[in-house]
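# Structure at a glance
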Amino acid sequence: MTREEKAKRFRALHAGPGAFVIPNPWDAGSARILAGIGFKALATSSGACAGVLGRRDGRVTREEALAHAQAIVAAVDLPVSADLEKCFADAPREAAETIRLAAGVGLAGGSIEDASGEKEKPIFDFAHAVERVAAAAEAAKKAGFVLTARTENYLRGRPDLDDTIQRLQAFEKAGADVLMAPGLPDLDAVRAVCAAVKRPFNFMAGIRGKSFSVAALEAAGVRRISLATSLYRAAMTGLIEAAREALEQGSFAYVERAVATPELAKYMKD
């Protein structure tokens, strides 16, 4: 598929029927496995991207994030959406340039968030946040790019549902295609958000105690469910447990539980 065809297919997934799960691979190999399992679209994760580079989340450059996304795009014939954090810029025009560049590496979609990255003021002021989304949405429309606008209130110490809804409504009006508010505390909050907006809402699974079933989220009005770093963390959990067994116990029982090489190989390119 061309990038335009992938973007069209990605947009159509949000129209239903029902909610769809979009997993977050961390490299070309994990992307191919997820595609082989049967997922219809993939998304990058800023945290998983940083982990691959041996860094903490938020410590990756725009060039590195786009190169990481491009490798995943090249690995599969599926729509790929990128976690672009705050689009690596504060100014609206520079954030919009990130969207243009993201489309240029073959991405069908991507996100912009209102987290500033500043400890003293972690969330952009309302007006500035909306202006950034509007600029990104204009660039996305020109590129045929599915833009997700997300407010980080619940992840940045501002668990204010009213402000969260107000921001999402403003992002929707500014032209965002999909809306997102990671960290919502319960299904009542999810229902309130979904009822307050008209565009598709993406729920982020992956937080302990706040990762509800597909059926429950679908009933609440969710259209897309992303998995954030959870698959990467699950894989790293297996790595840590196996490595500790070998080092600390001198045994290799993990080999009996591990996927066999031929089974992994069937997902990979020749």
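These lines cover the structure that appears in this document, whether it is placed above or below.

Rules used in this analysis
- Residues numbered from 1 in each chain as written.
- Predicted model: local features only at pLDDT ≥ 70, side-chain atom pairs only at ≥ 80, totals over all residues.
- Heavy atoms only, no water.
- Helix = DSSP H or I, 4+ residues; strand = E, 2+ residues; numbered from the N terminus.
- Rg over C-alpha atoms; globule rule 2.2 N^0.38 Å.
- Buried < 20%, exposed > 50% of the residue type's maximum accessible area, 1.4 Å probe, protein only.
- Pairing = 2+ DSSP bridges.
- Axes fitted to C-alpha atoms, helices over the stretch in contact; angles between N-to-C directions.
- Parallel < 35°, antiparallel > 145°, perpendicular 65-115°, else oblique.
- Left-handed = near helix turned anticlockwise from the far one by under 90°.
- Contact = heavy atoms within 4.5 Å.
- Nonpolar A, V, L, I, M, F, W, Y, C, P; charged D, E, K, R; others polar.
- Core = buried A, V, L, I, M, F, W, Y, C linked by side-chain atoms within 4.5 Å.
- Expected span 1.5 Å × (residues − 1).
- Phe/Tyr/Trp six-rings, centres within 6.5 Å; stacked < 30°, edge-to-face > 60°.
- Right-handed = clockwise from strand over helix to strand, strands pointing away.

## A few points about the overall build of the chain
Summing up its helical and strand segments, the chain has twelve helices and eight strands in all. The C-alpha atoms of the chain give a radius of gyration of 19 Å, which matches the 18 Å a tight globule of 270 residues would have. Expressed as lengths along the three principal axes of its C-alpha atoms, the size of the chain is roughly 60 × 40 × 40 Å. Here the chain holds 270 residues, and 48% of them are scored as buried.

## Points about the sheet that holds strand β5 (residues 146–150)
Pairing in this open sheet of eight strands is parallel, and the strands run β1-β8-β7-β6-β5-β4-β3-β2 from one edge to the other. The sheet is open, and its two edges are formed by β1 (20–22) and β2 (42–43), each paired on a single side.

## Overview of the packing of helix α6 (residues 126–143) against helix α7 (residues 161–174)
Between α6 and α7, whose axes approach to 8 Å, the crossing angle comes to 30 degrees. On the basis of their axis angle, the class for α6 and α7 is roughly parallel. Viewed along their axes, α6 and α7 form a crossing whose handedness is right-handed. Seen from α6, the contacting residues are Phe126, Ala129, Val130, Val133, Ala134 and Ala137; seen from α7, they are Gln166, Arg167, Ala170, Phe171 and Ala174. When the residues that make up the contact of α6 with α7 are grouped by side-chain class, the tally is nine nonpolar, one polar and one charged.

## Observations concerning the nonpolar core
Judged by nonpolar contacts, the single largest core of 59 residues is most densely connected at Ile99, Leu107, Phe171 and Phe201. With nine residues, α6 is the single largest residue contributor to this core. Those residues within four positions of Phe201 in sequence are excluded, and the remaining contacts are Leu168, Leu179, Met180, Ala181, Leu184, Val193, Cys194, Val222, Arg223 and Arg224. In terms of nonpolar packing, the next biggest core, distinct from the first, is built from ten residues, Ala41, Ala43, Ala108 and Val178 among them.

## Some remarks on α7
Here α7 is 14 residues long and its end C-alpha atoms lie 20 Å apart, about the 20 Å a rise of 1.5 Å per residue gives. Positive phi appears at Gly175, one or two residues downstream of α7, with a value of about 115 degrees.

## Concerning the packing of aromatic side chains
Taken as a whole and judged by the stated rule, the model has three aromatic pairs. With 6.5 Å between their ring centres and 85 degrees between their planes, Phe10 and Phe20 make a pair best called edge-to-face. With Phe10 in helix α1 (residues 3–13) and Phe20 in strand β1, the pair connects residues that are ten residues apart, well separated along the chain. Look at Phe10 and you get buried, because its relative accessible area is 0%. A residue is classified by how much of its surface remains accessible, and Phe20, at 11% relative accessible area, is buried.

## Overview of the pairing of strand β4 (residues 109–113)
The buried fraction of β4 amounts to five of the five residues, a majority that puts the element mostly inside the structure. Bridge count for strand β3 (residues 80–82) against β4 is two bridges, and the pairing is parallel. The residue bridging Ser81 from the neighbouring strand is Gly109, located in β4. Taking the sense of rotation as the criterion, the β-α-β connection linking β3, helix α5 (residues 92–104) and β4 turns out right-handed. Crossover β4 to β5 through α6 is right-handed.

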